[in-house]
Amino acid sequence: MSLPRHCPETEMQAAELVRAASAARAPLAIEGGGTRRGFGRAGAVSAVVSTAALSGISRYAPGEMVMTARAGTPLAEIEAALDGQRQMLAFEPADHRPVMATTGTPTIGGVFAANVSGPRRLVAGAARDSLLGVRFINGAGEAIKAGGQVMKNVTGLDLVKLMAGSFGTLGLLTEVTFRLLPRPERAETLVLSGLDDAAASSSMAAAMALPVEVSGAAHLPESVRGRFLSGALPEGAATVLRLEGLAASVVLRADKLAAALSPRAPITRLGPEESAVLWREIRDIKPYADGTQKPLWRVSVAPMAGAPLLEALRMEAGVDAFFDWQGGLIFLRMEAEPEAELLRGLIRRFGGGHATLLRASAAARAVTPAFEPQPPALAALSARVKASLDPHGLFNPGRMT
Amino acid sequence: MSDAMRLEGEGPIAFLPPRPEILARRAAIIADLEAMLSPGGLVHAERALKPFETDAYVAYRRLPLAVVLPKDTAEVSAVLAYAHAQGIPVVPRGAGTSLSGGAIPQEDALVLGLSRMSRILEVDLENRTARVEAGVTNLSISERVGPDGFFYAPDPSSQLACTIGGNIGMNSGGAHCLKYGVTTNNLLGVTLVLVDGTVVTLGGPHLDAGGYDLLGLVCGGEGQLGVVTEAVVRLIARPEGARPVLFGFDSATEAGACVADIIAAGIIPVAIEFMDRPAIAICEAFAKAGYPLDVEALLIVEVEGAEAEMEAMLEAIVTIARRHRVKTVRESQSATEAALIWKGRKSAFGATGRVADYICMDGTVPLSQLSHVLRRTGEICESFGLQVANVFHAGDGNMHPLILFNANDPDEAAKAEAAGNEILKLCVEAGGCLTGEHGVGIEKRDLMRFQFSEADLAQQMAVRAAFDPQWLLNPSKVFPLEGRPLLRPAPERNAMAGTAVPETFA
């Protein structure tokens, strides 16, 4: 593994690199900090292009709640700048290093390229919803601008959304512009103890139906409960509901929510510090940052489909799991094989969705499609879209197979 | 394109010339369509076609070849497969409320109207989704789920009439998107019929469609990528209450600074609406909302939540306004007063239409540029001898200058269009964009080069061609007619579905 590694320092250098690769039909691995390298497959490439040297915040206008940064800017640098203004990325991007056993520096370009979204995605949208504009190099080596720096913009095709979550297979991101939100003054979490998965789903749905603006709804079955907050959560499965906002308002809403849900389960409350730690641990999939290569899936289905899907899967395979997004996002750690066909069959049976293999042994990854396979007509359309941006298949070949 | 078509008496925007070979086959085409559609699904008498010749951008009109009104996805698929095989352009249409000409047909095109597909198919409150046909009106979703304490958030001014299909085509916004986002942020899935009749599903009741975000591309695709026949939308628990406060300022600059400070203080109201002096006068004369007439700028700021939360937020907002020497503060003490505060704003376009003809611009600018752009907008209109009234969504920088003119005076109409173009150029130069929520349509098509380079546009057109290689869907819109890629020859029927798949997706 001694591939040539390029770190362009300017957009123009990046474009030149791609033009040269295009002329030589030499495929490239596109990389930010490399902390999510394990997503999908690594196809054969001639060289690696890293955005590490395309770094730095280009523009930050706190009053507009908008920031522009070069793609390789470390996420930590961005979060530090936002902290100073009491602002945040609404979509709570996960740090995948612990669970994927990678090292390196997560970059803002990588966050958007992988559309990494955490617990607040349920109400505040995914990374793609916060992304306002991009600059990227297409497969012909041209610098392309899409979107802009304003929140409302319907001028032309929304290539911004397309670039988000494309894992570097459509272009080399050089700069991103994204929306910010004020950091809430206070956060509190209600813990409902002892609910089974189905009762937890109903309780989370009931909470989301109340006008209290729940900003996180997760269910941590007894098997994982002890691995959060250093074991400090009360006995039994924990169904956790987060409230955020102005301090006075959070207290009022927490009272209201607790009153509405108290017939369902005993309720305890976590203050701002514990709440912050808990939701970071949920975001980063802490129970499965276990140093193993046991297959780890990230499954998205309709919220009420999560619990029955897991129940059906348990009949046929050894699995440990917990739920975020009101029950619709399931992290599944398989005891043995990935069981991709079994899992994907169940997802179809329970109303559709998608499963992404976050982690597995090299042998399992080689034979398991990491991304949800698409029906033929949709796969053909996606392939035509890919070809319209990257006609020679230069970028991250095979990655999203 | 030198042979682009412009009709006598119209403005400078050209349409693609109708293809004579299609016009010549009109009778046969109508007979074929009649055979494939259920009763009531075809309109072709000239009188009956009249209502479809334009949309809410009435400056341009074209009679279509025929109008098809399919009753379900299968009929949409059949019509598209037929049109594709025959090389006939198709212009999708929701309720025809586009302000940018997005639904204006052309002589050799079929209008594909969604008005007969207007059912709410499923409401799933536990999963907080509604599955609807694309012809359902925006407001009817909130009306259906309102009694259960939910609503559908995007609320364009035309929400009583406009359809979800049209909202998806234009990625519509509304007054309350500052907090809840626009259509793309509230759309979970669609059933999409591709140009050759192939039906695909993008997304669904789950979050984040797998694979490439084609859903994000189709939303705002202005009917050029396919025809959406069904949608799954997100429902949100309705807040306990909402309350507006009205502020009057002696200068637009102070009002703009107040908006920026509210945002910077970490408060996200559901709406911040701005009106300047001419707009206040027009709206007050019409709505009698009790707006102050001695101020240069008026803000309506709305917060929502429980009573105590609204109190806390309003107190903070009023404190900020006082720092900016607010002259008038009117807090609503009742639902009636709240409705009155909104009444003037909501009637702005209608009220303006009573005093003059107007064209409505829709550029968005960064908040820091608001006062500068407002001032320059006034200067530009003055230089053309025209009046302008400004009514807009200040929280997200989406401006709506209304340029007043007399449509019976061709010279003045031309000046209004020229002034509008100058204003949009100004928005782009200030770091903004041509259109925040109305879409490009035909109206802003020829201005796209203000905002995008040739390479940017070529890339967008290449992506468009991945969906519709022959440019049959809404072909005269969005992209300037000059510089379009040469059309590929028509593929064999249904050949697209079997296109060879590169190995990345095999």
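Residues numbered from 1 in each chain as written. Chains lettered and ligands numbered in written order. Predicted model: local features only at pLDDT ≥ 70, side-chain atom pairs only at ≥ 80, totals over all residues. Heavy atoms only, no water.

Peer 1: Just to check I follow, could you spell out unusual backbone geometry for this structure?
Peer 2: Peptide bonds are mostly trans, and most non-glycine residues show a negative phi. Phi angles above zero are rare outside glycine, and isoleucine 285 of chain A is one such case at about 55 degrees. With respect to the helices, strands and loops of the structure, isoleucine 285 of chain A is situated in the loop between helix H11 (272-283) and strand E15 (296-301). (Helix = DSSP H or I, 4+ residues; strand = E, 2+ residues; numbered from the N terminus.)

Peer 1: How should the sheet that holds strand E4 (residues 57-61) of chain A be read in this particular structure?
Peer 2: Adjacent strands of a sheet pair through backbone hydrogen bonds, lying either parallel or antiparallel. Residue and element names in this part refer to chain A. Here five strands make up an open sheet; going across it, the order is E4-E5-E9-E7-E8 and the pairing antiparallel. Among the strands making up the open sheet, the edge pair consists of E4 and strand E8 (143-147). The mean angle between the axes of side-by-side strands here comes to 10 degrees, regardless of whether they run parallel or antiparallel. Taken together, the five bridges between strand E5 (residues 66-70) and strand E9 (residues 172-179) define a ladder with antiparallel strand orientation. By the bridge assignment for E9, methionine 67 is matched with phenylalanine 178. Helix H1 (residues 11-24) rests against strand E7 (131-137), E8 and E9 of the sheet, and its axis sits at about 55 degrees to E7. (Pairing = 2+ DSSP bridges. Axes fitted to C-alpha atoms, helices over the stretch in contact; angles between N-to-C directions. Contact = heavy atoms within 4.5 Å.)

Peer 1: What's the story with the pattern of salt bridges in this structure? I'm lost.
Peer 2: Pairs may arise between side chains of opposite charge once their charged atoms sit close together. Within this structure, the stated rule accounts for 59 salt bridges over all chains. Ionic pairing is found between aspartate 390 of chain A and lysine 386 of chain A, a salt bridge with its closest N-O pair at 2.8 Å. Of the two residues, aspartate 390 of chain A and lysine 386 of chain A, both sit in the buried class. With a closest N to O distance of 3.9 Å, arginine 323 of chain B and aspartate 261 of chain B form a salt bridge. You can see arginine 323 of chain B sitting in helix H11 (residues 307-323) and its partner aspartate 261 of chain B sitting in helix H9 (residues 252-264), a full 62 residues away along the chain. Among the charged side chains, a network of salt bridges with common partners joins Asp290, Lys294, Arg333, Glu335 and Arg359 of chain A. (Salt bridge = Lys/Arg side-chain N within 4 Å of Asp/Glu carboxyl O. Buried < 20%, exposed > 50% of the residue type's maximum accessible area, 1.4 Å probe, protein only.)

Peer 1: For this particular structure, what's the right way to read the domain arrangement of chain B?
Peer 2: Reports often express the size of an interface as the amount of accessible area lost when the parts come together. All names here are of chain B. When cut into domains, chain B gives domain 1 (120-237), domain 2 (241-349) and domain 3 (356-439). Between the C-alpha centres of domain 2 and domain 3 there is a distance of 22 Å. If you look at the interface, domain 2 gives 15 residues, while domain 3 gives 16 residues. Taken over both partners, the interface formed by domain 2 and domain 3 buries close to 1,400 Å², and the fraction arising from carbon and sulfur atoms is 68%. At the junction of domain 2 and domain 3, the tally comes to zero salt bridges. Taken together, the connections running from domain 2 to domain 3 amount to six residue pairs in polar contact (both at pLDDT 80 or more). Every element with two or more residues in the side of domain 2 that touches domain 3 is listed here: H9, strand E13 (271-276), helix H10 (277-287) and helix H13 (348-355). Per-element accounting of the side of domain 2 that touches domain 3 gives the leading share, five residues, to E13. (Domains from an automatic or database assignment. Buried area = accessible area lost by both parts, 1.4 Å probe. Polar contact = N/O pair within 3.5 Å; in protein donor to acceptor, adjacent residues only side chain to side chain.)

Peer 1: Mind showing me how you'd approach the packing of aromatic side chains here?
Peer 2: Scanning the entire structure with this criterion turns up 14 aromatic pairs over all chains. Measuring from ring centre to ring centre gives 5.3 Å for phenylalanine 322 of chain A and phenylalanine 331 of chain A, while their planes differ by 35 degrees; the resulting arrangement is tilted. Each of the two residues, phenylalanine 322 of chain A as well as phenylalanine 331 of chain A, counts as buried. Taking 6.4 Å as the distance between ring centres and 40 degrees as the angle between the ring planes, the aromatic pair formed by phenylalanine 15 of chain B and tyrosine 60 of chain B counts as tilted. On the criterion of sequence distance, the pair formed by phenylalanine 15 of chain B in the segment before helix H1 (20-24) and tyrosine 60 of chain B in the loop between helix H3 (46-49) and strand E2 (66-68) is long-range, its members being 45 residues apart. Its end group placed over the ring of tryptophan 279 of chain A, arginine 242 of chain A keeps NZ or CZ at 4.9 Å from the ring centre. (Phe/Tyr/Trp six-rings, centres within 6.5 Å; stacked < 30°, edge-to-face > 60°. Lys NZ or Arg CZ within 6 Å of the ring centre and 35° of its normal.)

Peer 1: Sorry if this is basic, but what is going on with H1 of chain A here?
Peer 2: Since one α-helical turn is 3.6 residues long, residues separated by three or four positions face the same way. Residue and element names in this part refer to chain A. For H1, spanning 14 residues, the distance from its first C-alpha to its last is 20 Å, which sits close to the expected 20 Å at 1.5 Å a residue. Those residues of H1 that are buried lie in contact with strand E2 (28-31), E7 and E9. Arginine 25 sits one or two positions beyond H1 and adopts a positive phi of about 55 degrees. (Expected span 1.5 Å × (residues − 1).)

Peer 1: What should I look at first to understand empty space enclosed by the protein in this one?
Peer 2: The probe, sized like a water molecule, is rolled over the atoms to show the empty space still left. A complete count under the given rule lists seven cavities of 30 Å³ or more for this structure. Forming the boundary of the largest cavity are 14 residues, of which Leu122 and Pro303 of chain A together with Asn127, Arg128 and Leu207 of chain B lie nearest the centre. Taken together, the residues of the lining of the largest cavity sort by class into seven nonpolar, five polar and two charged. Size it by volume and the second largest cavity reaches roughly 60 Å³. If you go around the second largest cavity, the residues you meet are Glu64, Val66, Gln149, Val150 and Met151 of chain A together with Val365, Pro366, Leu367, Gly395, Asp396 and Gly397 of chain B. Its residues assigned to classes, the lining of the second largest cavity comprises six nonpolar, three polar and two charged. (1 Å grid on protein atoms, 1.4 Å probe; cavity = no way out; pocket = protein on both sides within 12 Å on 5 of 7 lines; lining within 4 Å. Points joined across faces, edges and corners; volume = space filled by probe spheres on them. Nonpolar A, V, L, I, M, F, W, Y, C, P; charged D, E, K, R; others polar.)

Peer 1: It is not clear to me how the packing of helix H2 (residues 26-36) of chain B against helix H4 (residues 73-86) of chain B should be interpreted in this structure. Could you clarify?
Peer 2: In a packed pair of helices, the relevant descriptors are the angle between the two axes and the axis-to-axis distance. All names here are of chain B. Here H2 crosses H4 at 155 degrees, and the two axes come no closer than 10 Å. One finds that H2 runs roughly antiparallel with respect to H4. Considering the relative orientation of H2 and H4, their crossing is right-handed. For the pair formed by H2 and H4, the contact residues are Ala28, Ile29, Asp32, Leu33 and Met36 on the first element and Glu75, Ala78, Val79 and Tyr82 on the second. Broken down by class, the residue content of the contact of H2 with H4 amounts to seven nonpolar, no polar and two charged. (Parallel < 35°, antiparallel > 145°, perpendicular 65-115°, else oblique. Left-handed = near helix turned anticlockwise from the far one by under 90°.)

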